[in-house]
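# Descriptive analysis of the structure
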Amino acid sequence: QQPVQSPQAVILREGEDAVINCSSSKALYSVHWYRQKHGEAPVFLMILLKGGEQKGHDKISASFNEKKQQSSLYLTASQLSYSGTYFCGTEGPNNAGNMLTFGGGTRLMVKP
Amino acid sequence: NAGVTQTPKFQVLKTGQSMTLQCAQDMNHEYMSWYRQDPGMGLRLIHYSVGAGITDQGEVPNGYNVSRSTTEDFPLRLLSAAPSQTSVYFCASSPSSGRSYNEQFFGPGTRLTVL
């Protein structure tokens, strides 16, 4: 079952913050986050492990609530370069290693 | 390192034609996979491989075949193209096939149109 991402789209001004959520109906082993710019391949941002660990990548951080089967991506003081579509990929406890199920994506546009 | 390469970049097929999308990686990665990306659907896993000689089905395998005779190459074959297979196809690789929380490296994609 595909994880559900919200919001589907968000428009920000440079310097504003945003939160992107990823929810699953199944138990999760890990959550991966990727960003894809228009016409390009997805690029890895970070992996969240069960246990509620928060990981960071520059001004982008994320959390993983194993009990709620949710992950959130936090973009702080957004930059123009943050524009793109963000995908979460989830790994369940029974998945073959590295097999991810991706959400439908959140389109982020940062304006000057 | 070239990373993950895919050919062709663009392809137009007629319904019923067959073709092979090529994928290669030069990072000695164990795990390789094929995704298709349709608007609003995110990335859906077609087939994956945890090593040479080993392949398995993902979420949407119907109409596609794969094989992995070497660590480097993982071609995707469309047996009889249908308009529903119009999509962007991404190949990805990852260092390990185990639960080692590896990132996946994506190729540049192949945009396929089936008329």
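Residues numbered from 1 in each chain as written. Chains lettered and ligands numbered in written order. Predicted model: local features only at pLDDT ≥ 70, side-chain atom pairs only at ≥ 80, totals over all residues. Heavy atoms only, no water.

### Brief notes about the pairing of strand 9 (residues 87–94) of chain B
Residues and elements named next belong to chain B. For strand 9, a buried count of eight out of eight residues is recorded, marking the element as mostly surrounded by other parts of the structure. Side chains of strand 9 alternate between two faces, with Ser 87, Tyr 89, Cys 91 and Ser 93 and Val 88, Phe 90, Ala 92 and Ser 94 buried alike. Of the pairings in the sheet, the one linking strand 4 (residues 31–38) to strand 9 comprises seven bridges and is antiparallel in character. Counterpart to Met 32 in the pairing with strand 9 is Ser 93. (Buried < 20%, exposed > 50% of the residue type's maximum accessible area, 1.4 Å probe, protein only. Helix = DSSP H or I, 4+ residues; strand = E, 2+ residues; numbered from the N terminus. Pairing = 2+ DSSP bridges.)

### Details of the environment of Pro 75 of chain B
All names here are of chain B. Within the secondary structure, Pro 75 is located in the loop between strand 7 (64–66) and strand 8 (76–78). Exposure remark for Pro 75: the relative accessible area of 13% places this residue in the buried category. With 68 residues separating them in the primary sequence, Pro 75 and Thr 7 have C-alpha atoms 9.8 Å apart.

### Structural notes on the pattern of salt bridges
Residues and elements named next belong to chain B. Inspection of every chain in the model, using the stated rule, returns two salt bridges over all chains. Residue Arg 36 pairs with Asp 38 through a salt bridge whose shortest N-O separation is 3.0 Å. Connected through shared salt-bridge partners, Arg 36, Asp 38 and Arg 44 make up one network. (Salt bridge = Lys/Arg side-chain N within 4 Å of Asp/Glu carboxyl O.)

### Description of the environment of Leu 43 of chain B
Note that Leu 43 of chain B resides in strand 5 (residues 42–51). Put simply, Leu 43 of chain B and Phe 90 of chain B are 47 residues apart on the chain and 8.6 Å apart in space, counted from C-alpha to C-alpha.

### Some remarks on the confidence of the model for chain A
Chain-level pLDDT for chain A is 88 on average; 89% of the residues reach the 70-or-more range. Ranking the elements of chain A by mean pLDDT puts strand 6 (residues 55–57) of chain A last, at 66, and strand 3 (residues 18–23) of chain A first, at 97. (pLDDT = per-residue confidence, 0-100.)

### Details of the state of the cysteines
All names here are of chain B. For the structure shown, the criterion picks out two disulfides over all chains. In this model, Cys 23 is linked to Cys 91 through a disulfide, with the two sulfur atoms separated by 1.8 Å. Here the S-S torsion is close to -70 degrees, and the disulfide linking Cys 23 with Cys 91 is therefore left-handed. Highlighted residues: Cys 23 in strand 3 (residues 19–25) and Cys 91 in strand 9, separated in sequence by 68 residues. (Disulfide = S-S within 2.5 Å.)

### Some thoughts on the sheet that holds strand 8 of chain B
Across a sheet, paired strands are connected by hydrogen bonds in the backbone, their directions being either parallel or antiparallel. Residue and element names in this part refer to chain B. Pairing is antiparallel in the open sheet, where four strands are placed in the order 1-3-8-7. Of all strands in the sheet, those with a lone pairing partner are strand 1 (4–7) and strand 7, marking the two edges. Between one strand and the next, the sheet's axes are offset by a mean angle of 20 degrees, whatever the strand orientation. Taken together, the three bridges between strand 3 and strand 8 define a ladder with antiparallel strand orientation. Its bridge partner lying in strand 8, Leu 21 is registered against Leu 76. (Axes fitted to C-alpha atoms, helices over the stretch in contact; angles between N-to-C directions.)

### Regarding the pairing of strand 7 (residues 60–65) of chain A
Residues and elements named next belong to chain A. Across six bridges, strand 7 lies against strand 8 (residues 70–75) in antiparallel orientation. The residue bridging Ile 60 from the neighbouring strand is Leu 75, located in strand 8. Between strand 7 and strand 8, which follow one another and run antiparallel, lie four residues, and Gln 69 among them has a positive phi close to 55 degrees.

### Topic: the interface of chain B and chain A
Opposite the 25 residues of chain B that make contact, chain A presents 27 residues. Approximately 2,000 Å² of surface area, both sides summed, lies buried where chain B meets chain A, with 55% of it carried by carbon and sulfur atoms. Counting every contact that joins chain B to chain A gives zero salt bridges. Scanning the region where chain B abuts chain A turns up two residue pairs in polar contact (both at pLDDT 80 or more). For the side of chain B that touches chain A, the secondary-structure elements that each account for two or more residues are strand 4, strand 5 and strand 9 of chain B. (Contact = heavy atoms within 4.5 Å. Buried area = accessible area lost by both parts, 1.4 Å probe. Polar contact = N/O pair within 3.5 Å; in protein donor to acceptor, adjacent residues only side chain to side chain.)

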